[in-house]
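A structural walkthrough
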Amino acid sequence: MQTHRAKRVEITIEAVMQSRLTEALQKAGVKGYTILPVYGGSGRSGEWNRSGQISRAHGMVQVICIIREERLDAMLEAAFAVVERHIGVVSVVDCNVLRAERF
Amino acid sequence: MQTHRAKRVEITIEAVMQSRLTEALQKAGVKGYTILPVYGGSGRSGEWNRSGQISRAHGMVQVICIIREERLDAMLEAAFAVVERHIGVVSVVDCNVLRAERF
Amino acid sequence: MQTHRAKRVEITIEAVMQSRLTEALQKAGVKGYTILPVYGGSGRSGEWNRSGQISRAHGMVQVICIIREERLDAMLEAAFAVVERHIGVVSVVDCNVLRAERF
Amino acid sequence: MSELFSLAGDNLLSPIILSFALGLFAALARSDLSIPEAVAKGLSIYLLFAIGFKGGASVADYGFDARLGFSLLAGVILSALLPLIAFALLRLMTGLSRLDAAAVAAHYGSISIVTFVAATSVLEGRGISSEGYMVAVAAAMEAPAILSALWLVTRGSGGDGRGMDSKLMREIMLNGSIVLLVGAFVIGWATGEDGLAEISSFIVAPFKGVLCLFLLDMGLVAGRGLRGGSGILRPGVLAFGVLMPLIGSGFGLAVGAMLGLSLGGVALLMVLSASASYIAVPAAMRVALPEANPSIYLTLSLGVTFPFNLTLGIPLYIAIAQTVIGG
Amino acid sequence: MSELFSLAGDNLLSPIILSFALGLFAALARSDLSIPEAVAKGLSIYLLFAIGFKGGASVADYGFDARLGFSLLAGVILSALLPLIAFALLRLMTGLSRLDAAAVAAHYGSISIVTFVAATSVLEGRGISSEGYMVAVAAAMEAPAILSALWLVTRGSGGDGRGMDSKLMREIMLNGSIVLLVGAFVIGWATGEDGLAEISSFIVAPFKGVLCLFLLDMGLVAGRGLRGGSGILRPGVLAFGVLMPLIGSGFGLAVGAMLGLSLGGVALLMVLSASASYIAVPAAMRVALPEANPSIYLTLSLGVTFPFNLTLGIPLYIAIAQTVIGG
Amino acid sequence: MSELFSLAGDNLLSPIILSFALGLFAALARSDLSIPEAVAKGLSIYLLFAIGFKGGASVADYGFDARLGFSLLAGVILSALLPLIAFALLRLMTGLSRLDAAAVAAHYGSISIVTFVAATSVLEGRGISSEGYMVAVAAAMEAPAILSALWLVTRGSGGDGRGMDSKLMREIMLNGSIVLLVGAFVIGWATGEDGLAEISSFIVAPFKGVLCLFLLDMGLVAGRGLRGGSGILRPGVLAFGVLMPLIGSGFGLAVGAMLGLSLGGVALLMVLSASASYIAVPAAMRVALPEANPSIYLTLSLGVTFPFNLTLGIPLYIAIAQTVIGG
Ligand SMILES: Nc1ncnc2c1ncn2[C@@H]1O[C@H](COP(=O)(O)O)[C@@H](O)[C@H]1O
Ligand SMILES: Nc1ncnc2c1ncn2[C@@H]1O[C@H](COP(=O)(O)O)[C@@H](O)[C@H]1O
Ligand SMILES: Nc1ncnc2c1ncn2[C@@H]1O[C@H](COP(=O)(O)O)[C@@H](O)[C@H]1O
Ligand code: NA
Ligand code: NA
Ligand code: NA
């Protein structure tokens, strides 16, 4: 099938920062994203998991954003401005998409 | 370690279409897939998230399918036939897998 | 933006094996990982999903680990030692990350 | 009239309505108050189980009524016909496309079980009894409207194969809320008063409190929907969201009177006819008519008609039923 | 005999059993009715807490019994020995491999707490009291069967290091359901009648209703399992799923009578011996014996033995206990 | 004194405290016992709704008190001032950085609603009544502490723009627990005794039992936190976690006495002042002061101060209030 080159950006970020991140992405012209729940993890700030937690302070989400290559840089700048002072991980992968007109 | 080239296909689709999609994939010879819950997202049809929802009408899932390269096209055709009229995103990434005999 | 090459390893494994896997990863020098809940799936051992389940025997998780290329092999060895006798899938993708000092 | 206002006032000051209002307020003020999806589903399972069981137990208690069969049939017919009226009205009053109009129409033929539950608890509060099998009538009214709406679409498009297939048909008839409601009804019926006594401190005593939390959640969801979808609420669409329940309740009144139902039964049939689905029908529409815009039917059903029925509709329908049926 | 049938009939018509049947029906009919994982876990936490607490409070109330220590010991021995019998029987009756047979055997030595809970509520319904510490016996019977089964496997394979390690050992002994059951038992015991009075409108009054919803969920899960795993239910395997509980209950009867337990206590020990685990043991098997096929032991335990015990087994065991023990 | 010990002893043997201890034990023993996130959130929603509603209904019942306004104001002032004292103390007693000290200080100015709930239920158990509007005071004390702490930081850093913005301000003032608590209070107030009667078998009868399960969860979370964060508990920090609640309660006592609150009201104000937030404040700190180490403030608040207040603090504060206020 006809596919088109694009970038898949995956941002793992604290749940409290989610709305700030997605607002920044939208300002940077991102047209869509998908948010996955994260169950737990580990990093320099230690191990954690979600079970039994009631505070929004715990917990992260994963924001996945498929984007055309030419928009990538603007998007990464916007994302970085939000995650900069926070814990979290940003990774980018080359991908191919169906229905490229959507991105 | 010995790894083998394969494709990682990620299909974000409405939860109501999940069983139709996985049936189509199985008919197209897909041997396995993994389904991730999606917490929320945004796209041309607006922003949404799952909290408090009781209707299956809301909500999407992410179907991840690792597949040999030679089967990719048949699989994408099958997936596309299901997602065609629906909202959702299909992306493909090159990957390497352990235990290639499983795919 | 300045990004750095790395590997994104995705291990889909039974929930009962999660702590054994993450302990092995940490011994192999992995500095961080993120765990996603898995809703359901299908493979050689049949179809399953999480709804209504109360036993840990059912259910899988996805451990995502972003790692420098030079550490990949040690990590895959460690992961493989755990998943070897168990059901589950390991895939590796090339990626680029921000803030490379973290990996 | 003044009595009606005072009844509406009483109704507005019930914990149930105020909980809905709290949810609405929190969502519109963009508070992060939220109820987890799993908890909301758990609450809805509780309500369906409890209302079904109580209905069945009351049928077991008071015995069958020749009217049960006719009532079910009447429910099916109402559910199948109301979408045609809704569709005509929408095409007249609004600029919605055939597709969007049909999707909305399906919602108004079908029913909202929580509106039904709220009405039951208002009736109970006033000491008005009703036929236990109205729960079964509610279940019977869930699905036929969907078929009518799909027929409206296929007729219009010359039948391009879109819409219904056997898999969807099974999904609709066996959707979780119908199965649970009917199943609990049958269990309540089979175990009767004894069964009810065994579990009444679970399904009767805390019922209203659980309903409050559920309505809090519905307020949150409705408020979020209104925030996102308020753009689609042009005057014509908005007016439909209030007019259609009134029309529906009129049909419910007529049919209920013809069937010879009790005052409570007539009021409940009015409520069912007036209410719009927000669980079963939206899911079916996403499968069968994916091009129809979900924010139109969801905002109308949950953001306009549901609060209208909850606050003004229910006391109004009861008052009308009292006037017409007496009692 | 006819009395037995009438008791079984009564039992079959209880809301609890019918809720299980509803879940089973919904799953087999492929309805999308489902209970979220978090809600199912919440229900199971409630049940374990309530049953443990009530057991402890009743021990505090009626005082200790010299038999408590012996009963715990007997439970451990039963749990450790029953897998050997189950294993022999499986090798005889079915074509299962050593590994699969051992994994299944572990389930039948261990216990199903919800079967125990259901039996308690049947006994209560008939006004038959039982030793409060039977809850502790249930907890004591969870784990030993796993060790027996792993011993069967290592013995067979010449001990290839597979199976048990100290981490798994800790996981088994401290698995959530054991800790919660024993912990709640200790809390109930420490706070006694006063503690029970403080929270009885939470853990006593709504208990049966919660059990209904939980059994609805178990019906759904069992039904889905049967749909997927019915292929493995060859006649031999199926027969084992019914025969083994009968054998187990026989051992429970003998041991219970030897211990001098009350009628209710004997019946509960029969139920524990007859029931098969579906929480703790499957998880341990996935870790220790990943090559064993989970759909065999899950389908047998949850799809065959659990419904058998729930519907016919419990009234049968009680009737037998009544005949043997009197009372 | 000996009376105090016996009261503390009674308190320690309540199902509520023992449930917390069970959770703590399970986590420290690394049992896999866990309560799903959605269930824990559901329990907290129930508790906030119930406690708010009951407070409002009691205000409706006993009528307003001139002291309400003053009490709210006093709560705001206490919440704003206590962080300054906490900050000074932390800088004196511990080696924490300005940033970490400010973040911790914010927690101790704000309140822990579950500590408040536990205190309410101890008071009820002893038949000591209190002002219903103390719930509103609790809500008023949630947020001001955050502003004080951010002021401490910006003052120190010369105002680098860090910390507060209008979005965060709205998030804090409209955070879910404040909105639900205040909203339920208003509903309870508006519907009064009648409203309470309608739903009391949901929000009153099972309340204590639900609180047990919630404290079980808090024990699990606290235990996991202690396992991971025990490294940060150097003696100075640990001492602060016990000293600060004592100081806070002293301020609560003085202010409560000045306001002329009842014995129960004074005790509750002491509890509020002594308690440390673990819901609203941590979330605000992650947004505003992400560089502050969360394991310090979470371990202190949930792992040290919360159990201290729950076990020793509450009976102590009540005893002191009784000595000072009489009654
Ligand atoms: N190398 C990594 N791969 C995947 N996820 C990571 C990695 N490092 C950190 N994370 C995630 O980011 C969170 C915060 O990481 P940190 O800032 O290192 O404490 C962790 O809890 C993980 O969920
Ligand atoms: N560019 C994108 N990247 C990731 N997910 C997307 C993207 N666009 C859409 N989605 C997902 O697909 C859903 C429907 O998108 P749409 O059809 O554009 O409304 C959204 O709610 C997102 O969950
Ligand atoms: N090709 C695949 N792509 C993605 N996930 C898979 C694939 N095969 C198996 N899985 C996942 O791994 C689980 C076990 O697979 P299996 O060992 O084949 O039974 C399945 O339930 C899926 O969640
Ligand atoms: Na209707
Ligand atoms: Na057994
Ligand atoms: Na405080």
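Notes on the structure follow. For clarity, every value in this text was computed on a predicted model and none was experimentally measured.

1. A closer look at the overall build of chain D
A count of helical and extended segments in chain D gives 15 helices and 0 strands. Radius of gyration (C-alpha) of chain D: 19 Å, near the 20 Å computed for a compact globule of 327 residues. Taken along its principal axes, the extent of the C-alpha atoms in chain D is 55 × 45 × 40 Å. By residue count, 65% of the 327 residues in chain D fall in the buried class. For chain D, restricting intrachain contacts to residue pairs at least 6 apart in sequence, the fraction spanning at least 24 positions comes to 89%. As presented, chain D carries roughly 10600 Å² of accessible surface, and 66% of it is formed by carbon and sulfur atoms.

2. Notes on unusual backbone geometry
Positive phi values are uncommon outside glycine, yet Arg99 of chain A reaches one of about 55°. With respect to the secondary-structure elements, Arg99 of chain A resides in the segment after strand E6 (88-97).

3. Regarding the site of ligand 2
In the vicinity of ligand 2, 18 residues are found, and the nearest of them are Thr34 and Ile66 of chain A together with Arg44, Ser45 and Trp48 of chain B. Near ligand 2, the surrounding residues are drawn from chains A and B. One nitrogen or oxygen atom from the main chain of Ile66 of chain A is found 2.8 Å from a nitrogen atom belonging to ligand 2. Arg44 of chain B places a main-chain nitrogen or oxygen 2.7 Å from an oxygen atom of ligand 2. Notes on ligand 2: free accessible area 480 Å², of which the protein chains cover 97%. According to the grid-proximity analysis, the pocket containing ligand 2 is the largest cavity.

4. Some points on the site of ligand 3
Around ligand 3 there are 18 residues in total, and Thr34 and Ile66 of chain B together with Arg44, Ser45 and Trp48 of chain C lie nearest to it. Positioned at a junction of chains, ligand 3 has nearby residues supplied by chains B and C. Separating an oxygen atom of ligand 3 from a side-chain N or O atom of Ser45 of chain C is a distance of 2.4 Å. Elements that contribute at least two residues to the shell around ligand 3 include exactly strand E2 (33-37) and strand E5 (60-67) of chain B together with strand E3 (40-43) and strand E6 (88-97) of chain C. Residues that form the shell around ligand 3 fall into these classes: 9 nonpolar, 7 polar and 2 charged.

5. A closer look at the coordination of the sodium ion (ligand 5)
Residues and elements named next belong to chain E. The coordination sphere of the sodium ion (ligand 5), as far as protein atoms go, consists of Tyr108 (O), Ser110 (O), Leu272 (O), Ser273 (O) and Ser275 (O), spread over 2.4 to 2.8 Å. Take Tyr108: its relative accessible area is 1%, and that puts it in the buried class. Ser273 sits in the buried class, given a relative accessible area of 2%.

6. Description of the relation of the copies chain B and chain A
The two copies are related by a screw operation: chain B maps onto chain A through 120° of rotation and 0.0 Å of translation along the axis, at an RMSD of 0.0 Å. Seen this way, the second copy is the image of the first under a three-fold rotation axis. When the interface residues of chain B are mapped onto chain A, a mere 14% of them are again interface residues, pointing to distinct binding faces.

7. A closer look at the interface of chain A and chain F
With 19 residues of chain A at the interface, the matching set in chain F holds 26 residues. At the surface where chain A touches chain F, the tally comes to 6 salt bridges. Across the salt bridge formed by Glu14 of chain A and Arg286 of chain F, the nearest N and O atoms sit 2.5 Å from each other. Linking chain A with chain F are 11 residue pairs in polar contact (both at pLDDT 80 or more), by the criterion used here. It is helix H1 (residues 18-27) of chain A that contributes the most residues to the side of chain A that touches chain F, 3 residues altogether. Residue classes in the side of chain A that touches chain F are distributed as 5 nonpolar, 8 polar and 6 charged.

8. Concerning empty space enclosed by the protein
A complete count under the given rule lists 11 cavities of 30 Å³ or more for this structure. Of the voids in this model, the largest cavity is the one considered here, and its volume is about 420 Å³. Along its surface, the largest cavity is lined by 28 residues, and Gly32 and Tyr33 of chain A together with Ser42, Gly43 and Val89 of chain B are the ones closest to its centre. Secondary structure elements with two or more residues in the lining of the largest cavity: strand E2 (33-37) and strand E5 (60-67) of chain A together with strand E1 (4-14), strand E3 (40-43), strand E4 (46-49), E5 and strand E6 (88-97) of chain B. A per-class count over the lining of the largest cavity returns 12 nonpolar, 11 polar and 5 charged.

9. Topic: the packing of helix H12 (residues 235-259) of chain E against helix H13 (residues 263-274) of chain E
All names here are of chain E. At a minimum axis distance of 7 Å, the contact between H12 and H13 shows a crossing angle of 145°. Crossing handedness for the pair H12 and H13: right-handed. Residue-level contacts link Pro245, Gly248, Ser249, Gly252, Leu253, Val255, Gly256, Ala257 and Leu259 of H12 to Val266, Leu269, Met270, Ser273 and Ala274 of H13. For the contact of H12 with H13, the residue count by class is 9 nonpolar, 5 polar and no charged.

10. A look at helix H4 (residues 67-93) of chain E
Residues and elements named next belong to chain E. In this model, H4 (27 residues) spans 37 Å end to end at C-alpha, consistent with the 39 Å of a helix rising 1.5 Å per residue. Regarding H4, the residues found buried are Leu68, Ser71, Ala74, Gly75, Leu78, Ser79, Leu82, Pro83, Ala86, Phe87, Leu89 and Leu90. Its buried side turned inward, H4 meets helix H5 (98-109), helix H7 (134-140), helix H8 (144-157), H12 and H13.

11. What to know about the coordination of the sodium ion (ligand 4)
Six octahedral donors around a metal ideally sit at 90 or 180 degrees from one another, while four tetrahedral donors ideally sit at 109.5 degrees. All names here are of chain D. Coordination of the sodium ion (ligand 4) by the protein involves Tyr108 (O), Ser110 (O), Leu272 (O), Ser273 (O) and Ser275 (O), with metal-donor separations of 2.4 to 2.8 Å. Written as a sequence motif, the donor residues of the sodium ion (ligand 4) are Y-x1-S-x161-L-S-x1-S. With Tyr108 in helix H5 (residues 98-109) and Leu272 in helix H13 (residues 263-274), this pair connects stretches of sequence that are 164 residues apart. Take Tyr108 and Leu272: they sit in the same class, and that class is buried.

12. Regarding the packing of aromatic side chains
This structure, assessed with the given rule, holds 21 aromatic pairs over all chains. Relative to Phe306 of chain D, the ring of Tyr278 of chain D lies with its centre 6.5 Å away and its plane at 40°, an arrangement referred to as tilted. Within this pair, whereas Tyr278 of chain D is found in the loop between H13 and helix H14 (280-288), its partner Phe306 of chain D is found in helix H15 (residues 294-325), the two being separated by 28 residues in sequence. We note that Tyr278 of chain D, like Phe306 of chain D, is buried. Centroid distance Phe20 of chain E to Phe306 of chain E: 5.2 Å. Interplanar angle 70°. Geometry classified as edge-to-face. Placement of Phe20 of chain E in helix H2 (residues 15-28) and of Phe306 of chain E in helix H15 (residues 294-325) is noted, with a sequence separation of 286 residues between them. Across the pair, exposure class does not vary: Phe20 of chain E and Phe306 of chain E are buried alike. Aromatic rings pair up to connect Phe20, Tyr278 and Phe306 of chain D into one cluster. Taking NZ or CZ as reference, Lys54 of chain D lies 3.6 Å from the ring centre of Phe207 of chain D, over its face. The cationic tip of Arg155 of chain E hangs over the ring face of Trp151 of chain E; the distance from NZ or CZ to the ring centre is 5.2 Å.

Rules behind the numbers
Residues numbered from 1 in each chain as written. Chains lettered and ligands numbered in written order. Predicted model: local features only at pLDDT ≥ 70, side-chain atom pairs only at ≥ 80, totals over all residues. Heavy atoms only, no water. Helix = DSSP H or I, 4+ residues; strand = E, 2+ residues; numbered from the N terminus. Rg over C-alpha atoms; globule rule 2.2 N^0.38 Å. Buried < 20%, exposed > 50% of the residue type's maximum accessible area, 1.4 Å probe, protein only. Contact = heavy atoms within 4.5 Å. Areas by Shrake-Rupley, 256 points an atom, 1.4 Å probe, with all protein chains shown as cover. Near = heavy atom within 4 Å. Polar contact = N/O pair within 3.5 Å; in protein donor to acceptor, adjacent residues only side chain to side chain. 1 Å grid on protein atoms, 1.4 Å probe; cavity = no way out; pocket = protein on both sides within 12 Å on 5 of 7 lines; lining within 4 Å. Sits in = over half its atoms within 2 Å of the grid points. Nonpolar A, V, L, I, M, F, W, Y, C, P; charged D, E, K, R; others polar. Donors = N, O, S within 2.8 Å, 3.2 Å for Na, K, Ca; no water. Least-squares fit on C-alpha atoms with pLDDT ≥ 70 in both. Salt bridge = Lys/Arg side-chain N within 4 Å of Asp/Glu carboxyl O. Points joined across faces, edges and corners; volume = space filled by probe spheres on them. Axes fitted to C-alpha atoms, helices over the stretch in contact; angles between N-to-C directions. Left-handed = near helix turned anticlockwise from the far one by under 90°. Expected span 1.5 Å × (residues − 1). Phe/Tyr/Trp six-rings, centres within 6.5 Å; stacked < 30°, edge-to-face > 60°. Lys NZ or Arg CZ within 6 Å of the ring centre and 35° of its normal.

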